[in-house]
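Residue-level listing of the chains:
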Amino acid sequence: MRIRNCAVIGVGLLLAAGCSHADRQARTAGEHGRLKGKAPATRPPAQTPPPPRKIDCDRVKCVALTFDDGPGPYTARLLDTLKKNGVRATFFMLGENVGAHRDVVRRMALEGQEVANHTWSHPDLTTLSPAEVRSQIQRTQKVVKDASGVLPTLVRPPYGSVNKRVERAVGMPLILWSVDTLDWRYRDVARDTRVGVKEPKSGGIVLFHDIHKPSVDSIPKVVEGLRKRGFTFVTVSELLAGRRLLPGASYSERTPPPTPVTASPPPTGSSAPAAPPTAGSTGSMRSGPVPAPALPGLDAPR
């Protein structure tokens, strides 16, 4: 009886194993049948940042909003605001902050925001050796490129602090500002909004910080107010397009091109050209005023 029971059990196990193998074959055949005739799966095309737009800021009333010291906990919400309103801006980032916000930095680039360099850890560059300055810049270049796929072309020196040694060591255009909102000092939404709307002029570069919540909270109304004043929002590179940006040179705004110098023609029948006016005279030579770049105060911490 024991032998017969063992034999029955053995036969059952063999049948079960056979069924299991048959089931696997059937499932495999069914899967091959479903896949037959379908094209092999392809990867979606890689996303790339949009190119800079061609906007003539000599003819259009342009302003560049810039944000320093991020990325931070409020940067993604700021990007939501900019995207919703069709605004492009420039982000001067600290290299030490990028690692914790790589997705946000990548999103900046893909949405047409400009990624830029604000050093690794925000030191006063004039207190560093040339090798230390280069390290601050190059480390940040690498981490921003790794996160965004874009190599920054602009640097903002912390505190706006530069000297000849820094200019040579950085070797890239240095971007300052024409409007310092002092948002880091006051942390007040109403004040940030008022300054951000009223003070910018055509060709201006406006300094905010995306690491402060009140600053980010103010941006929807800043955008609304500047748009009512007729401004077009551009990145710094778009603002300065058509200008030759020199390594080590500082730029705080886009100034209008100089007005061509003209002179009144000599009187009819005169045998000699009219002499140009001398200093202090009231001659007819005219030249439109060319405003000098507005240099920022250096009391800002960023």
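Residues numbered from 1 in each chain as written. Predicted model: local features only at pLDDT ≥ 70, side-chain atom pairs only at ≥ 80, totals over all residues. Heavy atoms only, no water.

(A) Quick look at the side chain of Glu-114. Relative to the elements of secondary structure, Glu-114 occurs in strand 3 (residues 114-117). No salt bridge is formed by the buried Glu-114; the nearest opposite charge belongs to Arg-88, separated by 9.1 Å. Engagement of the side chain of Glu-114 in a polar contact is seen with the side chain of Thr-90, the distance being 3.1 Å. A polar side-chain atom of Glu-114 sits 3.3 Å from the main-chain amide nitrogen of Val-236. Once residues lying within four places of it in the same chain are set aside, the contact partners of Glu-114 are Ala-89, Thr-90, Phe-91, Thr-153, Leu-154, Thr-235, Val-236 and Ser-237. (Helix = DSSP H or I, 4+ residues; strand = E, 2+ residues; numbered from the N terminus. Buried < 20%, exposed > 50% of the residue type's maximum accessible area, 1.4 Å probe, protein only. Lys, Arg positive; Asp, Glu negative; His and termini not counted. Salt bridge = Lys/Arg side-chain N within 4 Å of Asp/Glu carboxyl O. Polar contact = N/O pair within 3.5 Å; in protein donor to acceptor, adjacent residues only side chain to side chain. Contact = heavy atoms within 4.5 Å.)

(B) Region of the structure containing the pairing of strand 6 (residues 204-209). Burial within strand 6 is extensive, with six of its six residues counted as buried. Neither face of strand 6 is open: one carries Gly-204, Val-206 and Phe-208, the other Ile-205, Leu-207 and His-209, and all of them are buried. Summarising the sheet, strand 1 (residues 62-68) and strand 6 pair through six bridges and their orientation is parallel. Bridge assignment links Ala-64 to a residue of strand 6, and that residue is Ile-205. Pairing of strand 5 (residues 179-180) with strand 6 involves two bridges; the strand directions are parallel. Bridging across to strand 6, Asp-180 finds its partner in Leu-207. (Pairing = 2+ DSSP bridges.)

(C) Representation of the side chain of Arg-88 in the model. Looking at the element boundaries, Arg-88 is found in the loop between helix 2 (75-85) and strand 2 (90-93). In this structure the side chain of Arg-88 is engaged in a polar contact, spanning 3.3 Å, whose partner is the backbone oxygen of Pro-51. The residues contacting Arg-88, other than those within four sequence positions of it, are Pro-50, Pro-51, Pro-52, Arg-53, Gly-112, Gln-113, Phe-233, Val-234, Thr-235 and Glu-238.

(D) Layout of the state of the cysteines. Under the defined criterion, the tally for this structure stands at one disulfide. The residue that forms a disulfide with Cys-57 is Cys-62, at a sulfur-sulfur distance of 2.2 Å. The sign of the S-S torsion, about -85°, decides the handedness of the disulfide formed by Cys-57 and Cys-62: left-handed. Taking relative accessible area as the criterion, Cys-57 reaches 7% and is therefore assigned buried. (Disulfide = S-S within 2.5 Å.)

(E) Structural detail: the nonpolar core. With 30 residues, the main nonpolar core has Leu-65, Phe-67, Phe-91 and Met-93 as its most contacted residues. Within the residue set of this core, elements represented by two or more residues are strand 1, helix 2, strand 2, helix 4 (102-110), helix 5 (130-148), strand 6 and helix 9 (213-228). The dominant element in this core, judged by the number of residues it contributes, is helix 9, at five residues. Dropping the residues within four chain positions of it, Phe-91 is found in contact with Phe-67, Thr-75, Leu-78, Leu-79, Leu-82, Met-108, Gln-113, Glu-114, Val-115, Ala-116 and Asp-210. (Core = buried A, V, L, I, M, F, W, Y, C linked by side-chain atoms within 4.5 Å.)

All we've got here are geometric facts, nothing functional implied.
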